[in-house]
Amino acid sequence: DFHLPTRGAVAHEPGLYVVHVAVEMAPIAKVGGMGDVVTALGRAVQAEGHRVELVLPRYRFFDSSPLLGEERFEAEFEWAGARVRVTTAVVEGLRVWFVDPGNGAFNANTVYVGGKEDQARFEFFCRAALEFLLRTGRQPDILHSHDWSTADVAKAYWTEWHGYGLWRPKVIFTIHNMNYGAAKLGEAAYYSQRFTTVSPTYASEVGGAPLLAPHNAKMRGILNGIDPDIWDPETDAFLPRGYNAASVEEGKAAARAEVRRRLGMSDWGDKPMVGVVSRLTKQKGTHLIAHAAWRALERGGQFVLLGSAPDPKVQAEFAALANSLDGANAGFAFAFDEPLSHLIYAACDVIVVPSMFEPCGLTQMIAMRYGAVPVVRHTGGLRDTVFDVDFDKGRAAWDLEGSTDWQADGVDATNGFAFDGADEGALDSALNR
Ligand code: ADP
């Protein structure tokens, strides 16, 4: 069905049929940014007139999820010694197929269970997802898989399904983080027709990696975004008071009061609030997060942290930090807490993101949407989204406004503070300002 799109033509190009195979999806199965992006990208592409569906594992914790809405039966078949059952629901406006391989693999209460076990259960899931598409006669134009967990889709499709009836799809693969499952990423880079990563700067940082370099011609860095309807301070049900640009002061004051109350902070003075919402891993610059806490208090501000630490040692370090800081002005929550994260973005004046590396990063974008100024380390996608008020005027004008001369054109598109080094002094150079 070859055709040439013609500028100004009145006929519409037919939409594509895109099926994502993923293990995370916000808000029903969110661990980090990948879950946000799978949902936001699906919605954005669907809004462009394409047909978008998702295939996810049927996690046991969906049984008690208030977010899932109405789930109904779709298909059931014997395959690979298992009885695969598929149910479906609409989540955030997207049709989602939930695959239960019938072998108890997804009975845990979390998306990831850790170690080798995850590899086995996700590999089986990828293949069951392909079998579901085949059995139900679906022929998507695009299969889109994400990170190591669904990387197997690319190879399995081309070597085992493509010749046996599921013939139409081409495969797109997105790398959300190079740090996990590198061998699988390289394999998917080889078998996919195009692969992407989540920001142009990260693409240039990892493009030379031996596993990807041979396939560089197929690679593009495409910046993630947040869904402005999902992240909207005006309609956000988790805030005590919705706000927009006109009512931002009242809205943020109400959120600040709520955060101070919840985290047990006793000083309610008019102090600037500095915050962090993050997984607490080395990648996220934990030593600088701790320093930001000290520095914020030293300078007469307040500090709040919402952090989930998979490593108990890191968790213990931060618990010790919490104990050593003045509780009147510092508040800590060690959990994965979606509602509290919204409240913190709304409450804070500054959100600090001092990552050692960051494929894209969403928290700095959410911060901006909620009227908090990002202070970031210039790496990966943080560099592509945050432009320092003092030294990035030219780059911001070009990247955001297409202007080659910000002075002549009178554009200042800068939107935050940034630093380059990896030590405390470097962070201070941005945070102090
Ligand atoms: P990553 O995917 O590496 O964790 P991103 O910045 O891409 O980092 O995405 C993080 C997402 O997870 C954001 O939506 C952020 O608000 C959310 N998040 C991170 N930590 C927590 C937490 N402890 N509780 C709730 N949400 C969190």
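So, here is what we can say about the structure in this document. (Residues numbered from 1 in each chain as written. Predicted model: local features only at pLDDT ≥ 70, side-chain atom pairs only at ≥ 80, totals over all residues. Heavy atoms only, no water.)

**Topic: the sheet that holds strand β8 (residues 194-197)**
Test applied: By definition, two strands form a pair when at least two bridges between them are found by DSSP. Put simply, DSSP H or I for four residues or longer makes a helix, DSSP E for two residues or longer makes a strand, and each gets a number counted from the N terminus. Whenever a helix is involved, its axis is fitted only over the stretch in contact; in every case the axis is a line through C-alpha atoms, and angles between N-to-C directions fall within 0 to 180 degrees. Contact definition: two residues touch when any of their heavy atoms are within 4.5 Å.
With respect to topology, nine strands assemble into an open sheet ordered β3-β4-β5-β2-β1-β6-β7-β8-β9, the strand pairing being mixed. This sheet does not close on itself; its edge strands, each paired only once, are β3 (72-79) and β9 (219-221). On average, each strand axis in the sheet is inclined to that of its neighbour by 25°, with strand direction left out of account. Judged from the five bridges that link them, strand β1 (residues 17-21) and strand β2 (residues 51-57) form a sheet pairing that is parallel. Residue pairing across strands places Y17 opposite R51, the latter belonging to β2. Running over the sheet, helix α2 (residues 116-135) touches β1, β2, β3, β4 (82-91), β5 (94-100) and β6 (142-146) and is turned about 105° from β3.

**Some details on the pairing of strand β13 (residues 350-353)**
Spelled out, the test is: The buried label applies to any residue whose accessible area, calculated with a 1.4 Å probe on protein chains only, is under 20% of its type's maximum; exposed applies above 50%, and partly exposed to all values in between. By definition, the crossover connecting two strands over a helix is right-handed if that path, from the first strand to the second, turns clockwise as seen with the strands pointing away from the viewer.
Residues V350 and V352 of β13 are buried on one face, and the alternating residues I351 and V353, pointing to the opposite face, are buried as well. Here strand β10 (residues 273-279) pairs with β13 via two bridges, running parallel. Paired with V274 across the bridge in β13 is V350. Pairing between β13 and strand β14 (residues 373-377): four bridges, direction parallel. Bridge assignment links V352 to a residue of β14, and that residue is V375. At this point the chain moves from β13, through helix α11 (residues 363-369), to the parallel β14, and the crossover so formed is right-handed.

**Here we look at the pattern of salt bridges**
The criterion, for reference: Basic side-chain nitrogens of Lys or Arg form a salt bridge, by our definition, when they fall within 4 Å of a carboxyl oxygen of Asp or Glu.
Evaluated as defined, the whole model comprises 31 salt bridges. In this structure, a network of salt bridges that share partners links the residues R51, E53, R72, E74 and R138.

**Re the site of the ligand**
As a reminder of what qualifies: Whether a residue is near a molecule or strand depends on its heavy atoms: if one lies within 4 Å, it is near. Throughout this description, a polar contact denotes any pair of N or O atoms lying within 3.5 Å of each other; where both atoms belong to protein, one of them has to be capable of donating a hydrogen while the other can accept it, and for residues adjacent in sequence the pair is counted only when both atoms sit in side chains. Note on areas: Shrake-Rupley with a 1.4 Å probe; residue coverage comes only from the protein chains shown. Under the grouping applied here, Gly and all other residues not named as nonpolar or charged are polar, the nonpolar ones being Ala, Val, Leu, Ile, Met, Phe, Trp, Tyr, Cys and Pro and the charged ones Asp, Glu, Lys and Arg.
The environment of the ligand is formed by 22 residues, the closest being G33, D36, R279, A335 and Y345. Measuring from an oxygen atom of the ligand, one finds a side-chain N or O atom of Y345 at 2.7 Å. A distance of 2.8 Å separates an oxygen atom of the ligand from a polar backbone atom of L362. For the ligand, the accessible surface in isolation is 570 Å², of which the surrounding protein chains cover 93%. When residues of the shell around the ligand are traced back to their parent elements, those giving at least two are α1 (33-47), β10, β11 (302-308), α10 (338-347) and α11. Residue composition of the shell around the ligand, grouped by class: eight nonpolar, eight polar and six charged.

**Focus: the packing of helix α7 (residues 248-262) against α10**
So the rule is basically this: With respect to orientation, any angle under 35 degrees is reported as roughly parallel, any angle over 145 as roughly antiparallel, any angle of 65 to 115 as roughly perpendicular, and every other angle as oblique. The hand of a helix crossing depends on one turn: near helix anticlockwise from the far one by less than a right angle means left-handed, and clockwise means right-handed.
Where α7 meets α10, the closest approach of the two axes is 8 Å, and the angle between their N-to-C directions is 125°. One element, α7, and the other, α10, form an angle in the oblique class. Two packed elements cross with a definite hand, and for α7 against α10 that hand is left-handed. Two secondary-structure elements touch here, α7 through K252, A255, R256, E258, V259 and R262 and α10 through L340, L343, I344, Y345, A346 and A347.

**Some details on the environment of V352**
Within the secondary structure layout, V352 lies in strand β13. Note on V352: relative accessible area 3%, which makes it buried. Through-space distance from the C-alpha of V352 to that of L362 is 12 Å; in sequence the pair is ten residues apart. Ignoring any residue separated from it by four or fewer positions in sequence, one finds V352 in contact with V274, G275, V276, A292, V375, L427 and L431.

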